[in-house]
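Notes for the structure review
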Amino acid sequence: LFQLSIDQAYQNLQEETLVLLSSLAETLRDLFAGHYATFMPGLMSVLQNTPQETQQQKDLRASCISSIGTIFESVKMQPALCSADAHTVMAAFA
């Protein structure tokens, strides 16, 4: 569902999916690590490819950043899993 929303650039579905991913990461905590590689490429794609021209796009990017932060928090005991992605996220702010 998340990949479909990305493929079709359907921002409303992306927003809803980001909320769901954050909820799952918070609920599963360490167990979310098994799903990290499934979802993080899509999150990085949204972060890197969503322009910041409209308020809706800015809101989507903010939700994406929040979701990434929640996921990083859930896998914090496995820093090797997310360290490369953390550098990419920080570069997106530069």
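Residues numbered from 1 in each chain as written. Predicted model: local features only at pLDDT ≥ 70, side-chain atom pairs only at ≥ 80, totals over all residues. Heavy atoms only, no water.

Some details on the overall build of the protein
Of regular secondary structure, the protein possesses 5 helices and 0 strands. Start at the N end of the protein and walk to the C end: the helices and strands fall as α-α-α-α-α. In terms of overall dimensions, the protein is globule-like: its C-alpha atoms have a radius of gyration of 13 Å, near the 12 Å expected for 94 residues. Look at the contacts in the protein between residues 6 or more apart in sequence, and 64% of them connect residues 24 or more apart. Total accessible area on the protein is roughly 5600 Å²; 57% of this is exposed by carbon and sulfur atoms. Of the charged side chains in the protein, 4 are positive and 9 negative; the average position of the first set lies 7 Å away from that of the second. (Helix = DSSP H or I, 4+ residues; strand = E, 2+ residues; numbered from the N terminus. Rg over C-alpha atoms; globule rule 2.2 N^0.38 Å. Contact = heavy atoms within 4.5 Å. Areas by Shrake-Rupley, 256 points an atom, 1.4 Å probe, with all protein chains shown as cover. Lys, Arg positive; Asp, Glu negative; His and termini not counted. Charge placed at Lys NZ, Arg CZ, Asp CG, Glu CD.)

Some words on unusual backbone geometry
Positive phi, normally seen in glycine, also occurs at A9, with a value near 50 degrees. With respect to the secondary-structure elements, A9 resides in the loop between α1 (2-7) and α2 (11-28). A9 sits in the exposed class, given a relative accessible area of 56%. Phi is positive for R29, close to 50 degrees, though the residue is something other than glycine. Tracing the backbone shows R29 in the loop between α2 and α3 (36-49). (Buried < 20%, exposed > 50% of the residue type's maximum accessible area, 1.4 Å probe, protein only.)

Some details on helix α5 (residues 79-92)
If you check α5, its first and last C-alpha atoms are 19 Å apart, about what 14 residues at 1.5 Å a residue would give, namely 20 Å. Bending of α5 peaks at approximately 25 degrees at the position of D85. Residues of α5 that are buried: C82, D85 and V89. Buried residues along α5 sit against α3 and α4 (55-74). (Expected span 1.5 Å × (residues − 1). Bend = angle between axes of the 7 residues up to and from the residue.)

Observations regarding the confidence of the model for the protein
The predicted model of the protein has a mean per-residue pLDDT of 94, with 100% of residues at 70 or higher. When pLDDT is averaged over each element of the protein, α4 comes out on top at 96 and α1 at the bottom at 90. (pLDDT = per-residue confidence, 0-100.)

Focus on the nonpolar core
Ranked by internal contacts, the top residues of the largest apolar core, which has 21 residues, are M40, L43 and I68. For this core, the elements supplying multiple residues, two or more each, are α1, α2, α3, α4 and α5. When neighbours within four sequence positions are excluded, L43 is seen to be in contact with F2, L18, L21, C64, S67, I68 and I71. (Core = buried A, V, L, I, M, F, W, Y, C linked by side-chain atoms within 4.5 Å.)

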